[in-house]
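Commentary on secondary and tertiary structure
These are the residues of each chain, in order.
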Amino acid sequence: MSIPLNSHMYDVIIVGMGPAGASAAYELSQHGISVLAFDKQRHPRYKVCGGGLSARIVKILPADFLSVVEETVHRVQFIYGDQESFLIDSPEPIAYMVMRQHFDRWLVDKARQAGAAIREGETVVAIGAVDQGVEVVTKQERYRSRLVIGADGVMSVVAQHCFPERRLRTIPALESEVHGECAHAFQETPTALISLQAAKKGYGWIFPKQQGLSLGVGEFVKGTTRPKQSFRDFIDHEPALAGLTIPSPLGYPLPIAQAQAYRSGQTWAGRLVHGRALLVGDAGHLVDPLLGEGIYYAVRSGQLAAQSILQTLGQPDLHPLSEYEMLVASEFGPEFRVAGRLGSIIYGLPRSIHRWAGHRFPEAYQRVLHRYCALLQGKETYQSLWNRMLYRLHWPLAEKPGA
Ligand SMILES: Cc1cc2nc3c(=O)[nH]c(=O)nc-3n(C[C@H](O)[C@H](O)[C@H](O)COP(=O)(O)OP(=O)(O)OC[C@H]3O[C@@H](n4cnc5c(N)ncnc54)[C@H](O)[C@@H]3O)c2cc1C
């Protein structure tokens, strides 16, 4: 039986309504663009994720974002040895904690209120080119639009159909949630814990939520690690988790950006735009390679894609679409490059060296971590942090940093 064709021609079809797709739908609909969006699940839906947002995200989200925040974190504890840790406190928020089902639904509602047509529970199975547009096929119907955005996460169908040459890297990450009263310091003073001790080539985290904790492990060097074993070791040895019953974790691949792809001089053509298709968020592998932060980049890439589409739809050709790649390359590229470099150093060094360095140079460690939290607050960038480190090491080309 052939699949019926929907007679409406949309400006943009968005596949996937996580933070990337919902942000793009919201921006485009606000500007009067006709948007049809699909999600194979129905919101609110569960998503394997820590739900930790760097505080700088507040600058790019709609104003009532705080209504879906579970906890505001002013304290981060970094653990680098069995007994050793650093505490960073800040009067300003360092991070916000959300539950993805609430956060994502809030963003989807924003897009719907702005005018986007949203079909939930409808899975996109294929995408093809037609004259002056694209055809998006679900099990129910075929739909046509002038452009398509792939916001369908790490296993993107849009990427598979429109960017078949892509071979990108993912790393394994595991997450579990503890619900109910977890009577300890994490909730009395909402504290995010980052433990280098928890993973061999990555880190473990504990994030406070209103009704419990989210915790997990990410291993950032593929092939050399066993994330399930790291997770078990983490919950067995982390004192903050003692006495808690921790459900088995769920795993999901994390599509971290490949640092070498962001070297200056590398061409961006065809990475995120091909013909009438654009990739945003996890579908475009736009995840910070140091910490695995993806939500900020999902929202921001959705906004940048919308910005380029708004220019393109008024033009006779598709040329302005490639501006999206340039915007991502200039805004995220230098940052991912430094984040990747820091990741190679931090995860590449044996843990004994971190312990030694933490004992030997505690003030320098504290300073770097303090600056890292300033980065999460949007007051530093990876590039400025890197320059500070080089300057301290008397690197000849490092510029004198500001205050
Ligand atoms: C264990 C773990 C912990 C993490 N913790 C954090 C964290 O604390 N902070 C952070 O910033 N990032 C974290 N991340 C990364 C973050 O979850 C992602 O970067 C983020 O969800 C990307 O958003 P997105 O909108 O691109 O994709 P997604 O959130 O994956 O959304 C994609 C949407 O597309 C839909 N979809 C997929 N295929 C189809 C289809 N064929 N048809 C229709 N719909 C489809 C899905 O149902 C889904 O709703 C974590 C990731 C993992 C795995």
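Residues numbered from 1 in each chain as written. Predicted model: local features only at pLDDT ≥ 70, side-chain atom pairs only at ≥ 80, totals over all residues.

Each helix and strand counted, the protein chain has eleven helices and 18 strands in total. Rg of the C-alpha trace for the protein chain: 22 Å, near the compact-globule value of 22 Å for 403 residues, within the 12% margin. Dimensions of the protein chain, computed from the C-alpha atoms along their principal axes, are close to 65 × 55 × 40 Å. Residues classed as buried in the protein chain amount to 46% of the 403 residues present. By sequence separation, contacts in the protein chain at least 24 residues apart represent 71% of the contacts at least 6 residues apart. (Helix = DSSP H or I, 4+ residues; strand = E, 2+ residues; numbered from the N terminus. Rg over C-alpha atoms; globule rule 2.2 N^0.38 Å. Buried ≥ 20, exposed ≤ 12 C-beta atoms within 10 Å, placed from the backbone. Contact = placed C-beta atoms within 7 Å.)

Neighbouring the ligand are 40 residues; G16, G18, G50, G281 and G294 lie closest to it. For the shell around the ligand, a count of residues per class yields 20 nonpolar, 13 polar and seven charged. Residue contributions to the shell around the ligand reach at least three from each of two domains, namely domain 1 (5-47 + 101-168 + 258-335) and domain 2 (72-93 + 171-254). (Near = placed C-beta within 6 Å. Nonpolar A, V, L, I, M, F, W, Y, C, P; charged D, E, K, R; others polar. Domains from an automatic or database assignment.)

This part is about helix 5 (residues 227-237). For helix 5, the set of buried residues is P227, S230, F231, F234 and I235. With its buried residues spanning 125° around the axis, helix 5 presents them on a single face. Those residues of helix 5 that are buried are in contact with strand 12 (171-179), strand 13 (191-195), strand 14 (202-209), strand 15 (212-219) and strand 16 (250-254). (Arc of directions from axis to C-beta.)

Across the sheet, which stays open at both edges, the three strands sit in the order 3-7-4 with antiparallel pairing between neighbours. Of all strands in the sheet, those bounded by a partner on one side alone are strand 3 (52-54) and strand 4 (71-73). Pairs of neighbouring strands in the sheet enclose a mean axial angle of 25°, with direction left out of account. Judged from the three bridges that link them, strand 3 and strand 7 (residues 95-97) form a sheet pairing that is antiparallel. Among the inter-strand pairings, S54 is bridged to a residue of strand 7, identified as A95. (Pairing = 2+ DSSP bridges. Axes fitted to C-alpha atoms, helices over the stretch in contact; angles between N-to-C directions.)

Here we come to the domain arrangement of the protein chain. Taken domain by domain, the protein chain holds domain 1 (5-47 + 101-168 + 258-335), domain 2 (72-93 + 171-254) and domain 3 (361-403). A separation of 34 Å is found between the C-alpha centroids of domain 1 and domain 3.

Strand order across the open sheet formed by seven strands is 6-5-13-14-15-12-16, with mixed pairing between neighbours. Only two strands of the sheet have a single neighbouring strand rather than two, namely strand 6 (85-89) and strand 16. For this sheet, the mean angle separating the axes of adjacent strands, direction not counted, is 20°. Across five bridges, strand 5 (residues 75-79) lies against strand 13 in parallel orientation. Its bridge partner being in strand 13, I79 is matched across the sheet by S195. In the packing of helix 10 (residues 362-376) onto the sheet, the strands contacted are strand 5 and strand 6, and the crossing angle to strand 6 comes to about 45°.

Turning next to the pairing of strand 14. Within strand 14, eight of the eight residues are buried, which leaves the element mostly enclosed by the surrounding structure. Pairing between strand 13 and strand 14: three bridges, direction antiparallel. Bridge assignment links L193 to a residue of strand 14, and that residue is I206. Where strand 13 folds back onto strand 14 in an antiparallel hairpin, the turn is made up of six residues. Pairing between strand 14 and strand 15: eight bridges, direction antiparallel. Across the sheet, Y203 pairs through a bridge with G218, a residue of strand 15.

Take unusual backbone geometry next. The omega torsion across H43 and P44 is 0°, close enough to zero to call that bond cis. Considering the arrangement of structural elements, one finds P44 in the loop between strand 2 (35-39) and strand 3. Of note in the backbone geometry, Q132 takes a positive phi value of approximately 60° without being a glycine. You can see Q132 is positioned in the loop between strand 9 (124-130) and strand 10 (133-138). Classification of Q132 by C-beta neighbours within 10 Å gives exposed; the count is 9. Even without glycine at this site, H285 takes up a positive phi of about 55°. Checked against the element boundaries, H285 lands in the loop between strand 18 (277-279) and helix 6 (295-312). By the C-beta count within 10 Å, which is 26 here, H285 ends up buried.

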